[in-house]
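Observations on chain architecture
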Amino acid sequence: MQDSVSHIGISLYDFTSHIRDVVSDAELSAWVFGEIKNYKYNRHAYFSLIESQEGTNTPVASLQCAVWSYCFSNVIGKFEDEAGVEMKDGLKVLVHLSVSFHQAYGMTAVVDAIDASYTLGEYELKRKQTIAQLTDEGYMELQKQLELPLIIRNIAIISADTAAGYGDFMDQLTANTITQNCNCRLYSAVMQGVAAPESIINALLRIQSDLEEMRESFDAVVIIRGGGSKQDLACFDDYALATYIATFPLPIITGIGHEQDTSVADMVSFRRVKTPTAAAEYIIEHNSAQYLLIDNLKRKLESQVAYIMSNIKNQVSLKRQKLSYLAESRVDRLSLSLDTLRRKIENQSDMKIQMERQKLTSRRQQLVALDPQRIVSRGYTLTLSSSGKLLSSVDEVADGEEITTLLRDGRLTSVVKK
């Protein structure tokens, strides 16, 4: 049999009712700052507001908080619009809460307002710290040292595949004759929220892998996302994402958000433009400028070639004229020389002929004087040997040889008798 109870108790309901009354009478409400943990939203929003020991992650205080559905848009929605960040774990917030106690559900801190300026200050501080760290580590200017090729033909695009910004970029690019034949490949990624930095980094790694495996050859990378609130664009201030962009081997063009939004990713990129459409316009302008430069160089080269050819033609014409003049002069000189030579030859020929005529005349006279007929006509005779040789001595003939004697009126043939 159970021993008798030594203490007189009260029911749990009565006890919790007493707590409810005490809490209600105390009217516990205040502005409290802390860090969001275990944030959940399902019609109502629930999260833990904690305070950690300085320099550690060890909590020294924790309070369960709730934002009821009827005031969700006026509390959470308003905070996200003003702060430009989505409600998530890790945010430092300053909330106005009232403590209530319910017998069935226990104590709850009901949040009816959140001071966005407090969280924004924390966010901006972290952003400045990220920029300072990237600057100290030399990441801010790495992309600026790269160079775009003269003509951008192959483009890797990082974007959500269904994003309007991606469609705007492609429409702008393909509508222009300068870039309508560019080879574009989409590397799809999450472009907002806590998953975005890792997703974009993975897209960069896929591009680099394709480059290294020679599956693709890109001239530049374009990271594009349409406009959004600071909350939507907060992922582009991630330190790890910034380092991957800064150290990427290809120039990266960012078209993220609107003109008034400059993310850390924009700061470390090769070139930041304000929208996806502006990114396409930048590529079009780059290619157009290079084509214009090429056209100018082509016209300049053609002009220089025409000038050189004109000079060559002039020089050839002058040399032809000079050569013609020299040839004519040479011909004239040769003609003069030939005339002189002809006259000299004619004169020499005449003299030679005259001399030969004189020789012939002299020889004719000699022959006439030596003509045997003339000799014998004067009463002389000439005796010829059998060979026709004129004899001048008896020793020149042999005994019995026939000899011929020429007389004025005929010939006599004799036989020598010695």
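This write-up is about the structure you can find in this document.

The rules behind each value
- Residues numbered from 1 in each chain as written.
- Predicted model: local features only at pLDDT ≥ 70, side-chain atom pairs only at ≥ 80, totals over all residues.
- Heavy atoms only, no water.
- Buried < 20%, exposed > 50% of the residue type's maximum accessible area, 1.4 Å probe, protein only.
- Helix = DSSP H or I, 4+ residues; strand = E, 2+ residues; numbered from the N terminus.
- Contact = heavy atoms within 4.5 Å.
- Polar contact = N/O pair within 3.5 Å; in protein donor to acceptor, adjacent residues only side chain to side chain.
- Axes fitted to C-alpha atoms, helices over the stretch in contact; angles between N-to-C directions.
- Left-handed = near helix turned anticlockwise from the far one by under 90°.
- Nonpolar A, V, L, I, M, F, W, Y, C, P; charged D, E, K, R; others polar.
- Phe/Tyr/Trp six-rings, centres within 6.5 Å; stacked < 30°, edge-to-face > 60°.
- Pairing = 2+ DSSP bridges.
- Disulfide = S-S within 2.5 Å.

**Looking at helix α7 (residues 239-246)**
Three or four residues apart is the spacing at which side chains of an α-helix point the same way, because the helix has 3.6 residues per turn. Those residues of α7 lying buried are L241, A242, T243, I245 and A246. Its buried side turned inward, α7 meets α3 (116-136), α5 (196-212), β8 (220-225), β9 (252-256) and α8 (264-268). You can read the cap of α7 off the contacts: a side-chain oxygen lies 3.1 Å from the backbone nitrogen of A240, and it is on D238.

**Details of the packing of α3 against α7**
Packing of α3 against α7 brings their axes to within 10 Å, and their N-to-C directions diverge by 35 degrees. Between α3 and α7 lies a crossing whose hand is right-handed. The segment α3 lies against α7, with T130, Q133 and L134 engaging Y239, A242 and T243. Each residue belonging to the contact of α3 with α7 can be placed in one class, and the counts come to three nonpolar, three polar and no charged.

**A look at the packing of aromatic side chains**
Taken as a whole and assessed by the stated rule, the structure comprises five aromatic pairs. Ring geometry for Y39 against F47: centres 6.3 Å apart, planes inclined by 35 degrees, an arrangement best described as tilted. Its relative accessible area of 1% is what places F47 among the buried residues. Relative to F72, the ring of Y41 lies with its centre 4.3 Å away and its plane at 35 degrees, an arrangement referred to as tilted. You can see Y41 sitting in strand β1 (residues 29-42) and its partner F72 sitting in helix α2 (residues 72-83), a full 31 residues away along the chain. Residue F72 is classed as buried on the basis of its relative accessible area, which comes to 18%.

**Focus on the pairing of strand β13 (residues 410-415)**
Two strands pair when backbone bridges link them, and strand β12 (residues 402-407) and β13 are joined in this way by six bridges, in the antiparallel orientation. Bridge pairing in β13 places L407 opposite G410. Following β12, the chain reverses through two residues before pairing antiparallel with β13.

**Considerations on the sheet that holds strand β5 (residues 106-114)**
As summarised here, the arrangement of the five strands in space is β1-β2-β3-β5-β4, forming a closed barrel in which the pairing is mixed. Here the average twist between neighbouring strands, direction ignored, is 55 degrees. Here seven bridges tie β1 to strand β4 (residues 92-102), and the two strands are oriented antiparallel to one another. Opposite E35, over in β4, you have K92 as the bridge partner. Against the sheet, α2 makes contact with β1, β2 (44-52), β3 (59-67), β4 and β5, and its axis sits at roughly 60 degrees relative to β5, the strand it touches most.

**Section: the sheet that holds β13**
Strands sit in the order β11-β12-β13 across an open sheet of three strands; the sheet is antiparallel. Looking at the sheet topology across the chains shown, the edges are occupied by β11 (382-384) and β13. Across the sheet, the mean angle separating the axes of adjacent strands is 25 degrees when strand polarity is ignored.

**Brief notes about the state of the cysteines**
With the rule as written, the count across this model stands at zero disulfides. Sulfur of C71: no disulfide; nearest cysteine sulfur belongs to C65 and is 13 Å away. Under the relative-accessibility criterion, C71 is labelled buried at 11%. Between C182, a free cysteine, and C184, which holds the nearest cysteine sulfur, the sulfur-to-sulfur gap is 5.7 Å.

The values are spatial; any link to function lies outside them.
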